[in-house]
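A closer look at the structure
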Amino acid sequence: MGPQQRGFLRRVTVGMSGQAFSRIIQAGYTILLVPLLIRAWGVDGYGQWIALTALTSYMGLSNFGLVTTSANEMVIASGAGDSVRARQTFQVSINLTIVVVLPLILLLVAGLSLIPVSRGLHLSQINTSAARVIIACSGITLWFQTLRGLMVAALYATGSYGFAYYVQGVMKLCELTGLALVVSLCAGSQVSAAIVVALVAFVELFVIAVYARRAAPWARIDLRAFDRAWIRSQAKPTIGFMVSNLATAGLMIQGPRVVLGAFLGGPAVALYSIYSTAMKFVDQLLLTLVMPLEIEIAHASGRGDFKQIHRLIVFGTHIAWALFLCVSAGLLLFGPIVFRIWTTGRIEFNYGLMALFMCMSAANLQGRVSLHALISTNRLYGVSFLILICATISIGLGALLTRLMGIDGMVLGGIGGEVVNSAVVIVAVSYWLNKPLRGLLADFFNFKESLGQLRAKSLQAWGRLRPQT
């Protein structure tokens, strides 16, 4: 095994361990937060909190996808050995976050504060003043997270991404602890919860910034650094990711919560959120592998190693299906017991509704790793508009079916959108890698080869660990 392969295995191993820690904490955070908030605010109050934070999440579009595209550019430049381009990307991105993103967030906060949000989303437990404070806290949290993302990008570029994952996990644990203290012991409202989230985001930004300054010597802030040519070169990748993020996170994930809040109120939002959270456990497990793979795909793209990119995408897709089957089997076997404990008996487990959410997760799964490959190499510009069209039609169909069938209708609309979006990204990856679509699909369903490769790698690793006789 050569030095390059050893370095790759070391980075991926450390990255996966950090991701595993972060995702375990994230999964625990997501699972424990539901009974915590339901006990404090009731099902209706919890649903109102989810609906309002779903609406404020649209402010995330204010950074235009700058964090992800800039991070990818830094990693690609580092993979090509171009530290000058990596430094330029870092400095210009930081400056744009200060002079463009921050004023835009402030305008969005002011605009949302003028809208009668409490009446539109049926927020009986959150009055207008409280909604404005929550919107303001969400805005400042978003700005802290944008700056943090750029600092983390410098760690990604140097291969030190494991540390960022560990910090993320610790901060989530601190956030959960803070929320538990505020809403349980101090009888805190939704406003106090929003303040806790903002404070934790600031602390995480500070810790990551200090470490990034040590790990990446070229990651230095220079407020004079503006390059119009660089900004023009990043326009298409940034627009591509922003549109894709609007389609996936804005419409497919948060859209149903906003629509259900407007049509059916807090209890419907809570029910949808809890079932989708149960399936989100697949995402948490999958991202443990996908996030390190995404960085390695960007490095491989910088080297022009398309065979490695193809292997990583296929391997990631196979792991995704294995995780989905395990989680689905667990939910089908133990779902009623888990829901009774998890929601303190307030939300009943329904096999029919759970089956619909599983179908939606499976539809998303087939193209999930392919989408991350396109994101990590800034190749979303054309594809993102097709994804947005499909997502818009999906939400429109879901809203229409909600009028007729309730929550089941919204899930059916989501299934249709996820199927089409997966097909779109797989075709895009096939074109990018110059591989026949039929051959790529055959590789996706050739689990035997991946199992054989995994077995060979395991035996090779075991051979190195065995004591020599």
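Right above here is the structure, for reference.
First things first, this report covers the structure right here in the doc. Bear in mind the structure is a predicted one, so any value in this text is a computation, not a measurement. (Residues numbered from 1 in each chain as written. Predicted model: local features only at pLDDT ≥ 70, side-chain atom pairs only at ≥ 80, totals over all residues. Heavy atoms only, no water.)

Once that is clear, we can look at the packing of helix α15 (residues 381-405) against helix α16 (residues 407-432). One can describe the packing of α15 onto α16 by two numbers: an axis separation of 6 Å at closest approach and a directional angle of 165 degrees. In terms of orientation, α15 and α16 fall into the roughly antiparallel class. Here the hand of the crossing between α15 and α16 comes out right-handed. Its residues assigned to classes, the contact of α15 with α16 shows 16 nonpolar, 8 polar and 1 charged. (Axes fitted to C-alpha atoms, helices over the stretch in contact; angles between N-to-C directions. Helix = DSSP H or I, 4+ residues; strand = E, 2+ residues; numbered from the N terminus. Parallel < 35°, antiparallel > 145°, perpendicular 65-115°, else oblique. Left-handed = near helix turned anticlockwise from the far one by under 90°. Nonpolar A, V, L, I, M, F, W, Y, C, P; charged D, E, K, R; others polar.)

A word on the nonpolar core. Membership of the largest hydrophobic core comes to 140 residues, with the highest contact counts inside it found for Trp218, Ile313, Met354, Phe357 and Val411. Contact partners of Trp218, with chain neighbours within four places excluded, come to Met74, Ser83, Ala86, Arg87, Phe90, Ala154, Ala157 and Thr158. (Core = buried A, V, L, I, M, F, W, Y, C linked by side-chain atoms within 4.5 Å. Buried < 20%, exposed > 50% of the residue type's maximum accessible area, 1.4 Å probe, protein only. Contact = heavy atoms within 4.5 Å.)

Turning to its location among the elements, Ile274 is positioned in helix α11 (residues 266-303). Along the primary structure Ile274 and Phe339 are separated by 65 residues, whereas in three dimensions their C-alpha atoms are 9.2 Å apart. Apart from residues no more than four positions distant in its own chain, Ile274 is found in contact with Val34, Ile38, Tyr46, Phe339, Trp342, Thr343 and Ile347.

What follows deals with the pattern of salt bridges. As enumerated under the stated definition, the model contains 2 salt bridges in all. Residue Glu204 is joined to Arg148 by a salt bridge in which the shortest nitrogen-to-oxygen separation is 2.6 Å. Highlighted residues: Glu204 in helix α7 (residues 190-215) and Arg148 in helix α5 (residues 128-157), separated in sequence by 56 residues. Taken as a pair, Glu204 and Arg148 share a single burial class, namely buried. Here Glu175 and Lys172 are joined by a salt bridge, their closest N and O atoms 3.6 Å apart. Separated by 3 residues within a single helix, Glu175 and Lys172 lie in helix α6 (residues 161-185), roughly one turn from each other. Residue class for Glu175 comes out buried when judged on its relative accessible area of 7%. (Salt bridge = Lys/Arg side-chain N within 4 Å of Asp/Glu carboxyl O.)

Our next topic: empty space enclosed by the protein. Here the structure, examined in full by the defined rule, presents 4 cavities of 30 Å³ or more. Its boundaries defined by the atoms lining it, the second largest cavity holds a volume of some 40 Å³. Taken together, Met252, Pro256, Tyr272, Met360, Ser394, Ile395, Met410, Gly413 and Gly414 make up the lining of the second largest cavity. Looking at the lining of the second largest cavity, the elements with two or more residues in it are α15 and α16. Here the element with the most residues in the lining of the second largest cavity is α16; it accounts for 3 residues. Of the residues contributing to the lining of the second largest cavity, the split by class is 6 nonpolar, 3 polar and no charged. (1 Å grid on protein atoms, 1.4 Å probe; cavity = no way out; pocket = protein on both sides within 12 Å on 5 of 7 lines; lining within 4 Å. Points joined across faces, edges and corners; volume = space filled by probe spheres on them.)

To continue, consider the environment of Ser370. For Ser370, the location among the structural elements is in helix α14 (residues 368-376). Taking relative accessible area as the criterion, Ser370 reaches 0% and is therefore assigned buried. With residues up to four places along the chain from it excluded, the contact list for Ser370 reads Ile313, Val425, Ile426, Val429 and Phe444.

Here we come to the packing of aromatic side chains. Overall, the coordinates contain 14 aromatic pairs when judged by the stated rule. A ring pair is formed by Trp321 and Phe324, whose centres lie 5.7 Å apart and whose planes are at 90 degrees; its orientation type is edge-to-face. Remark: Phe324 and Trp321 occur in helix α12 (residues 306-342); sequence separation between them is 3 residues, near one turn of the helix. Exposure remark for Phe324: the relative accessible area of 8% places this residue in the buried category. Between Phe339 and Phe349, the ring centres sit 5.1 Å apart and the planes meet at 75 degrees, which makes this aromatic pair edge-to-face. Taken as a pair, Phe339 in helix α12 and Phe349 in the loop between α12 and α13 (351-365) lie far apart in primary sequence, 10 residues in all. Across the pair, exposure class does not vary: Phe339 and Phe349 are buried alike. Among the aromatic residues, those joined into a ring-pair cluster are Tyr272, Tyr275, Phe339, Trp342, Phe349, Tyr351 and Phe357. Residue placement shows Lys172 over the ring face of Tyr29; its charged tip is 4.3 Å from the ring centre. (Phe/Tyr/Trp six-rings, centres within 6.5 Å; stacked < 30°, edge-to-face > 60°. Lys NZ or Arg CZ within 6 Å of the ring centre and 35° of its normal.)

By volume, the second largest pocket is sized at about 310 Å³. Lining the second largest pocket are 16 residues, with Ile31, Ala278, Phe281, Leu331 and Val338 sitting closest to its centre. Tallying contributions element by element places α12 first for the lining of the second largest pocket, with 8 residues. Residue classes in the lining of the second largest pocket are distributed as 10 nonpolar, 5 polar and 1 charged.

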